[in-house]
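Listed below, chain by chain, are the residues.
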Amino acid sequence: MDDKTAKPDLSGQCGQVQCTESVTPTDLSFEELRNKFDTSATHALVRREIASKPSTHGSATRQVVSGKIFKKCKSATFQIDGATYTIVASPPGGAGAPREEAPRPPPLPTPRNGTPPKQGALTIVRRSSSRSKTESCSTPTDEQLDQLDLETEHLPAVDTPDACDKAALRLRYLLRQLNRGEISAETLQKNLQYAAKVLEAVYIDETKPAVARQQSAPTLVFRRLADEDDELSEVQPDAVPPEVREWLASTFTRQLATAKRKSDEKPKFRSVAHAIRAGIFVDRIYRRVTSTALMQFPQDVVRVLKTLDEWSFDVFTLHEAANGQPVKYLGYELLNRYGMIHKFKVPPTILENFLGRIEEGYCRFHNPYHNNLHAADVAQTVHYMLCQTGLMNWLSDLEIFATLVAAVVHDYEHTGTTNNFHVMSGSDTALLYNDRAVLENHHISAAFRLMREEEYNILQNLSRDEFREFRTLVIDMVLATDMSFHFQQLKNMRSLLSLAEPTIDKSKATSLVLHCCDISHPAKRWDLHHRWTMSLLDEFFLQGDKERDLGLPFSPLCDRNNTLVAESQIGFIEFIVEPSMGVCADMLECILGPLHSGNKSGTNAATEPTIDENSGAESVNKFKIRKPWITCLSDNKKIWKEQATKDAEARANQEQEENIEVQPPPEE
């Protein structure tokens, strides 16, 4: 059959059949569909076709189906009840034939020439007509929205077709009411829950071979496709990674909820297209609601947070701008900036309550150093390590979430005294945790006990597996801040990095990062470091006063009358901070090197070229991160050494004066 004689005539005009019967087109069998097609309008069309081209009458280009005359063609389009149907004919064994063999009807009667006919397949494809699109996609008027009742008690079942219309109308109404600020949180929550249930109940109709209802009917396959203008429906399974397909299938299909799906059937990617589109709409609603409910920041705080990405971030200025609440605003900003609030559906008010209680816990004992300022400083330094080095690209969303929360709570309810003081004084906390990582265990336990309360539970929407992983990560990271583990932690990481192909556990990596950030103030700008040092010494001296009152020996650096400040800081930098930051940098370069080499075309603001010591030429193959702490450590150590020299001279002069005073007067 020559395609040129077939396509121009029938593909565009094969029956504009308008029916008045109240039958849903998607529920029609082939027999009912054919009966609707057999109307007077169809008879008139066929007669006009034959009359206009009498040369074709009685030729081989005509075919009889159930007594009706059709012209042979590859496709024919007609309308029934506002829906457009296209019948596609496939040759026997051709590319258009169905892949799965459907039940075959009895063979047609043998023609007079004795040659049995070859059967092909017909596929009826239903597409939305322009009329139905207009009706379903038109924006409801204000009058319709004003008459809408937001009560959810009498809504249709979520798995009915009417539920989709109801949900769509309510979502649009919610948007309008949000803009006006005229909706309660309870009503909003109930309607969003209903819309979510409707999405979960979206019916997935797989391609199924239909059983012929009449022996003489050809094999038919019914398939319901998405609208032609739906770009998501054209996405092929191979166009996305398997993980994404798995997420789409598990989130937007009733893979586990429906009992109608056979166990051996797999959801098709094409079948979730509408659910994805509706899910995106609800996702936008959620973002809109979240953004309107986000905590408001004072302008002074916003101004200070513009420097949040700097290594030497001034948390003292933030403390003043935030009226003594740096954890509240900085913690909120970080969790929002990394998308954790949206990703893990953290209610903004719950997060604000949680951060407020965490801040109160840091201020409970009025510590000069281990307070909310220190918590905010460590959290900001962790942010620098995540963002400016590129470490965030190696971690999952849940691991980033756990790292940020661990940084915020790592010294929660710190008593201002060391673990050694708790052990030596026999405190209740030391008895509870058997003298092992006393404070660190308390920080973790107290934080998770707080999150068990409903009004502070920022983890309420995590799955069970997510919660277990989150909790394990936070425990590992906070326990690693115990200074008694310091040298063993560095030794283990050095040994690991010395291997030819080191494999670094994410928990160990984030634990080392948090530990280094916890002791990083000597690696910051001098004015910040000096202020931190004075605060820490004040706290040490207060502990020394308690030890003196209890008759306990002074802990190191806790005797206010015999502490060499400059020398202690030089030793702290040389033996603790510098080695820690060096190992951490080596670890980050080992981790991020493969990621960087796999994306050489992009630029990384956290990297810098390296100099080959032998050739003196720049090496572009070896990945290096920027290390602003090296300059700060060097400058601070130089200042401390100058201060130590001055202190030594001052002590020498003082001793000389004391010796002169105690010398006996010369004999007369």
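Note that the structure is predicted; figures quoted are calculated from it, not measured.

Before going further, it helps to examine the overall build of the chain. Check the secondary structure of the chain and you find 25 helices and 9 strands. Burial statistics for the chain: of 668 residues in total, 42% are counted as buried. Residue pairs at least 24 apart in sequence account for 73% of intrachain contacts in the chain once pairs closer than 6 positions are excluded. Here the chain has roughly 37,700 Å² of accessible surface; of this, 50% comes from carbon and sulfur atoms.

A few words now on a negative patch on the surface. Taken together, the side chains of E655, E657, E658 and E661 define an acidic patch exposed on the protein surface. By secondary structure assignment, the location of E661 is in helix α25 (residues 628-662).

Moving on: the nonpolar core. Of all hydrophobic cores here, the largest spans 107 residues; its most connected members are F401, I458, F470, M587 and W629. Broken down by element, the residue count for this core peaks at 12 residues, all from helix α24 (residues 565-597). Setting aside residues no more than four positions away along its own chain, I458 makes contact with V346, I350, L351, F354, F401, V405 and M451. Counting residues in hydrophobic clusters, the runner-up holds 16 residues, among them L148, A167, L174 and L178.

Looking now at helix α23 (residues 526-550). If you check α23, its first and last C-alpha atoms are 36 Å apart, about what 25 residues at 1.5 Å a residue would give, namely 36 Å. Following α23 by one or two positions, G551 adopts a phi angle in the positive range, close to 75°.

So, on to the packing of helix α21 (residues 486-497) against α24. At a minimum axis distance of 10 Å, the contact between α21 and α24 shows a crossing angle of 35°. In the packing of α21 onto α24, the handedness of the crossing is left-handed. Together, H486, F487, L490, M493, R494 and L497 of α21 and F575, I576, P579, S580, V583, D586, M587 and C590 of α24 make up the contact between the two elements.

With that settled, consider the pattern of salt bridges. Overall, the coordinates contain 17 salt bridges when judged by the stated rule. Residue R548 is joined to D545 by a salt bridge in which the shortest nitrogen-to-oxygen separation is 3.2 Å. Linking R548 with D545, this pair stays in helix α23, spanning 3 residues, or about one helical turn. Residue E578 pairs with K637 through a salt bridge whose shortest N-O separation is 3.4 Å. Residue E578 is located in helix α24, and its partner K637 is located in helix α25; the two are separated by 59 residues in the primary sequence. Its relative accessible area of 16% is what places K637 among the buried residues. A cluster of three or more residues bridged by salt bridges with shared partners is formed by E574, E578, K637 and K641.

This part takes up the packing of aromatic side chains. Enumeration over the complete set of coordinates arrives at 12 aromatic pairs. Relative to Y332, the ring of F297 lies with its centre 6.1 Å away and its plane at 70°, an arrangement referred to as edge-to-face. With F297 in the loop between α9 (273-293) and α10 (299-305) and Y332 in helix α12 (residues 326-337), the pair connects residues that are 35 residues apart, well separated along the chain. For the pair F297 and Y332, a shared accessibility class is recorded, and that class is buried. Centre to centre, the rings of Y369 and W532 are 5.6 Å apart; their planes meet at 80°, and the pair counts as edge-to-face. A residue pair is termed long-range when its members are at least 10 positions apart, and Y369 in the loop between α14 (348-362) and α15 (372-387) and W532 in helix α23 qualify at 163 residues. With relative accessibility at 5%, the residue Y369 sits in the buried group.

Bringing the confidence of the model for the chain into the picture now. Mean pLDDT over the chain works out to 75, with 60% of the residues at or above the 70 mark. Counting contacts from residues 1-26, a segment whose pLDDT is below 50, to residues more than four positions away or on other chains yields 49 contacts. Confidence drops under pLDDT 50 across residues 128-137; counting only partners more than four residues distant or on other chains, this segment forms 11 contacts.

In the contact formed by α21 and helix α22 (residues 506-518), the axes pass within 11 Å of each other and the chain directions differ by 135°. Relative to α22, the element α21 is oriented oblique. Pair α21 / α22 crosses with left-handed handedness. In this structure, α21 uses H486, Q489, L490 and M493 to contact α22, whose residues at the interface are K508, S511, L512 and H515. For the contact of α21 with α22, the class distribution of residues is 3 nonpolar, 4 polar and 1 charged.

Moving on, we come to unusual backbone geometry. A positive phi angle, close to 55°, is found at N323, a residue other than glycine. Here N323 is to be found in the loop between α11 (315-321) and α12. Despite not being glycine, K345 shows a phi value in the positive range, around 50°. By the secondary structure assignment, K345 is in the loop between α13 (340-343) and α14.

By secondary structure assignment, the location of H370 is in the loop between α14 and α15. According to the relative accessible area criterion, H370 is buried, its value standing at 15%. Each C-alpha atom, one on H370 and one on H414, is 6.4 Å from the other, the two residues being 44 residues apart in sequence. What H370 contacts, discounting residues up to four positions off in sequence, is Y362, D411, H414, L536 and E539. A distance of 2.5 Å separates a polar atom in the side chain of H370 from a polar atom in the side chain of E539.

Here is what the cut-offs are and how they apply
Residues numbered from 1 in each chain as written. Predicted model: local features only at pLDDT ≥ 70, side-chain atom pairs only at ≥ 80, totals over all residues. Heavy atoms only, no water. Helix = DSSP H or I, 4+ residues; strand = E, 2+ residues; numbered from the N terminus. Buried < 20%, exposed > 50% of the residue type's maximum accessible area, 1.4 Å probe, protein only. Contact = heavy atoms within 4.5 Å. Areas by Shrake-Rupley, 256 points an atom, 1.4 Å probe, with all protein chains shown as cover. Patch = residues over 30% accessible without salt bridge, like charges linked within 9 Å, V, L, I, M, F, W, Y side chains within 5 Å. Salt bridge = Lys/Arg side-chain N within 4 Å of Asp/Glu carboxyl O. Lys, Arg positive; Asp, Glu negative; His and termini not counted. Charge placed at Lys NZ, Arg CZ, Asp CG, Glu CD. Core = buried A, V, L, I, M, F, W, Y, C linked by side-chain atoms within 4.5 Å. Expected span 1.5 Å × (residues − 1). Axes fitted to C-alpha atoms, helices over the stretch in contact; angles between N-to-C directions. Left-handed = near helix turned anticlockwise from the far one by under 90°. Phe/Tyr/Trp six-rings, centres within 6.5 Å; stacked < 30°, edge-to-face > 60°. pLDDT = per-residue confidence, 0-100. Parallel < 35°, antiparallel > 145°, perpendicular 65-115°, else oblique. Nonpolar A, V, L, I, M, F, W, Y, C, P; charged D, E, K, R; others polar. Polar contact = N/O pair within 3.5 Å; in protein donor to acceptor, adjacent residues only side chain to side chain.

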